[in-house]
Amino acid sequence: MAFEYSTFDIIITGAGLSGINAAYLLQSELPNHSFTVLESRDHIGGTWAFWKYPGIRSDSAMALFSFPWYPWTKGINMADAHLIKKYMEDAAASQGIDKKIRFNHRVTSESWSSEEQRWTLHVDVTSGDGTVLEKKIFKTPWLINATGYYSYEQPRSTVIPGIERFQGEVVHPQFWNDEVQYDNKRIIIIGSGATAITLLPALAKTAKHVTMLQRSPSYVYSLPARDELQQFMERFMPIQWAVKINWCIRMVAELLFVQLLLNFPNWGRKHVLDEMRRQLPKGFDVDKHFNPRYKPFEQRVCLCPQGDFFKALSGPNASVVTDQIETVTENGILLKSGETLEADMIITATGLYMILLNKIDVFVDDVRINDTIGQRYMWNGVMLEGIPNTGVIIGYVAATWTPGASTRTRQFIKVIKRAEKRGATIATPYIDEAERARLPKKPCFSNSSTYIAEVRDRLPLVANVGPWRNGKNWVEDAMRLWFGWVTTGMRFTSWNRAKSD
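Below: a short report on this structure.

Thresholds applied
Residues numbered from 1 in each chain as written. Predicted model: local features only at pLDDT ≥ 70, side-chain atom pairs only at ≥ 80, totals over all residues. Heavy atoms only, no water. Helix = DSSP H or I, 4+ residues; strand = E, 2+ residues; numbered from the N terminus. Rg over C-alpha atoms; globule rule 2.2 N^0.38 Å. Buried < 20%, exposed > 50% of the residue type's maximum accessible area, 1.4 Å probe, protein only. Areas by Shrake-Rupley, 256 points an atom, 1.4 Å probe, with all protein chains shown as cover. Lys, Arg positive; Asp, Glu negative; His and termini not counted. Charge placed at Lys NZ, Arg CZ, Asp CG, Glu CD. Pairing = 2+ DSSP bridges. Axes fitted to C-alpha atoms, helices over the stretch in contact; angles between N-to-C directions. Contact = heavy atoms within 4.5 Å. Core = buried A, V, L, I, M, F, W, Y, C linked by side-chain atoms within 4.5 Å. Phe/Tyr/Trp six-rings, centres within 6.5 Å; stacked < 30°, edge-to-face > 60°. Lys NZ or Arg CZ within 6 Å of the ring centre and 35° of its normal. Parallel < 35°, antiparallel > 145°, perpendicular 65-115°, else oblique. Left-handed = near helix turned anticlockwise from the far one by under 90°. Nonpolar A, V, L, I, M, F, W, Y, C, P; charged D, E, K, R; others polar. Salt bridge = Lys/Arg side-chain N within 4 Å of Asp/Glu carboxyl O.

### Thoughts on the overall build of the protein
Item 1. The helix and strand inventory of the protein stands at 14 helices and 29 strands.
Item 2. In terms of overall size, the protein behaves like a compact globule, its C-alpha atoms giving a radius of gyration of 24 Å where 501 residues would be expected to give roughly 23 Å.
Item 3. Based on the C-alpha atoms only, the size of the protein along its principal axes is roughly 75 × 55 × 50 Å.
Item 4. Taking all 501 residues of the protein together, the buried fraction comes to 55%.
Item 5. Here the protein displays about 22000 Å² of accessible surface, and carbon together with sulfur accounts for 52% of that area.
Item 6. In the protein, which carries 58 positive and 52 negative side-chain charges, the distance between the mean positions of the two groups comes to 6 Å.

Next comes the structure, spelled out in structure tokens:
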């Protein structure tokens, strides 16, 4: 196999939402820097090109989820995946970003050398079926990892007793494809998160019956199907103005809503439950099926467009069962209560396998750091203690993803600019031992969802003091971006290691 060697000022891994947005921000704020985007698959889209299950859509309002620099004009509030993918393709093409992307380039390892003062990336160039056609090496002083926080190849592992006995079809949403047929079938969805809430109304359109089987309830909240505010403003002003004003209004509304529910949980619980009762059939047992043990936004509140989830439950062929599985049988599921649910298909919507860096092996001076990520503090939501010149772009978990990903990317660009202004070639988040001993060790995601809580040992730490934090909302992150000191908790080193702080 031939080896190709390429060097860029900055490399982005991943051509999903965060990667495309990072590419735009680099072009805008560092126009004299060369960069490329390495994407392991053959198309743009990330999550929105990967998931194929029925009904897959955004779970945030598109006014905030879309890019501020490329207006979302379709008027749909919560868009289907194929529309989001097309939007991302159009956005990338509008700025020439699509020409910067190298498709079918799967990064297998990233290695930092303090002697070279740059990263070396080993990359497999693959065909559509995953066959390695050639190997390449890329080098860069600055690296942006925009591959998200879950594995495409591996779903969350969960034990479902007796599942191997089931004579029907077992499908995980992560591996859904066009060969899955569900018309006129009795379906059980195991799970109660965003995926299950999305699947139920989509499947109920043609399935014989759909049951969402949950061990514990979730909060579900309805949003309007269309963004009527932006459509109204577009009648009287240029679309760019309407988009910016709408973005500000939506951001304030989301922040106030989340903070109200977090700070006044009793009122928040009552408000959400009252909204659900209003949309469910009279006599529906909301307290049993939709009254979680946790407070609103301790786990993410599931959203549905125009109450489609509640409308499906008002029909004759959709239901919710709150119980625990005793065992899966040949023809369905036996519950702890003794009830039996018959099924032709079981869908295991049991969560994501969370992992940073998408299983890329990462080395700093020949020491593999993947297994120590859970022992490192996060710097301003974007860099990791002791890992030089690299940003890890993650959006918000309890709020809309894109504003968080955007502010963290800008924070990393701010580090690059400061390093170059000082004549430094290395920027490393740093805590001295005395300070580290005093810092509290808290999870970077406070969300109590099972798929997050069970992997906290491999996710970074935060202290929620100084720069050692992972912001929960855009205002918090934006204030640190605009007014925070980029030198706090950061060691800048010049090429000859003579200048550092």
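### Details of the sheet that holds strand E19 (residues 345-348)
Item 1. As summarised here, the arrangement of the 5 strands in space is E10-E19-E11-E12-E15, forming an open sheet in which the pairing is parallel. Where the open sheet ends on each side, the last strands, each with one partner, are strand E10 (169-171) and strand E15 (318-322). Neighbouring strand axes in the sheet, compared pairwise and without regard to direction, differ in orientation by 20° on average.
Item 2. Lying over the sheet, helix H5 (residues 194-204) contacts strand E11 (186-190), strand E12 (209-214), E15 and E19, oriented at roughly 165° with respect to E12.

### Some remarks on the nonpolar core
Item 1. With 137 residues, the main nonpolar core has Ile20, Tyr149, Ile189 and Phe309 as its most contacted residues.
Item 2. When sequence neighbours within four positions are dropped, the list of residues in contact with tyrosine 149 reads Leu352, Tyr353, Met354, Ile355, Leu356, Ile394, Val397, Trp401, Phe445 and Tyr451.
Item 3. Counting 13 residues, the second-largest nonpolar core is a separate cluster that includes Ile160, Ile188, Val328 and Ile346.

### Let's talk about the pairing of strand E29 (residues 490-494)
Taken residue by residue, a regular strand's side chains alternate between the two faces of the sheet.
Item 1. When you tally the buried positions in E29, you get 4 out of 5 residues, the bulk of the element.
Item 2. Summarising the sheet, strand E26 (residues 424-429) and E29 pair through 5 bridges and their orientation is antiparallel. Bridging from a neighbouring strand, threonine 428 pairs with arginine 491 of E29.

### Here we look at unusual backbone geometry
It is generally the case that most residues other than glycine have a negative phi and that most peptide bonds are trans.
Item 1. Phi at asparagine 104 is positive, roughly 55°, even though this residue is not glycine.
Item 2. Relative to the helices and strands, asparagine 104 is located in the loop between strand E4 (101-102) and strand E5 (105-113).
Item 3. Notably, glutamine 117 is not glycine yet its phi reads approximately 60°, a positive angle.
Item 4. Along the chain, glutamine 117 falls in the loop between E5 and strand E6 (118-126).
Item 5. The exposure class of glutamine 117 is buried, given its relative accessible area of 13%.

### Topic: the packing of aromatic side chains
Item 1. Applying the stated criterion across every chain yields a total of 27 aromatic pairs.
Item 2. Measuring from ring centre to ring centre gives 5.9 Å for phenylalanine 50 and tryptophan 51, while their planes differ by 90°; the resulting arrangement is edge-to-face. Judged on exposure class, the residue phenylalanine 50 and its partner tryptophan 51 are both buried.
Item 3. Taken together, the ring pairs connect Tyr24, Phe67, Trp69, Tyr70, Trp72 and Tyr87 into an aromatic cluster.
Item 4. The ring of tyrosine 430 carries arginine 491 above its face, with NZ or CZ at 3.7 Å from the centroid.

### Here we look at the packing of helix H1 (residues 17-29) against helix H11 (residues 401-422)
Item 1. Running from N to C, H1 and H11 point in directions that differ by 40°, and their axes come no closer than 10 Å. One way to sum up the angle between H1 and H11 is to call them oblique. At the point where H1 passes H11, the crossing takes the right-handed sense. Listed contacts from H11 to Leu17, Ser18, Asn21, Ala22, Leu25, Leu26 and Glu29 of H1 are Trp401, Thr402, Ala405, Ser406, Thr409, Arg410, Ile413 and Lys417.
Item 2. Split by residue class, the contact of H1 with H11 holds 7 nonpolar, 5 polar and 3 charged.

### Concerning the pattern of salt bridges
Item 1. Summed over the entire model, instances satisfying the criterion amount to 26 salt bridges.
Item 2. Residue aspartate 59 pairs with arginine 300 through a salt bridge whose shortest N-O separation is 3.7 Å. With aspartate 59 in the loop between helix H2 (47-50) and helix H3 (62-65) and arginine 300 in the loop between helix H9 (286-289) and strand E14 (302-305), this residue pair connects regions lying 241 residues apart in the sequence.
Item 3. Aspartate 59 sits in the partly exposed class, given a relative accessible area of 21%.
Item 4. Here arginine 300 falls in the partly exposed class, since its relative accessible area comes to 23%.
Item 5. Note that arginine 368 and aspartate 361 form a salt bridge whose closest N and O atoms lie 2.9 Å from each other.

### Points about the sheet that holds strand E17 (residues 332-335)
Item 1. Ordered by their spatial adjacency, 3 strands build an open sheet running E16-E17-E18, and the pairing between neighbours is antiparallel. Only two strands of the sheet have a single neighbouring strand rather than two, namely strand E16 (325-328) and strand E18 (340-342). Averaged over all pairs of adjacent strands, the angle between strand axes in this sheet comes to 20°, irrespective of strand direction.
Item 2. Strand direction decides the pairing type here: E17 and E18, joined by 3 bridges, are antiparallel. Looking across to E18, one finds that leucine 334 is bridged to threonine 340.

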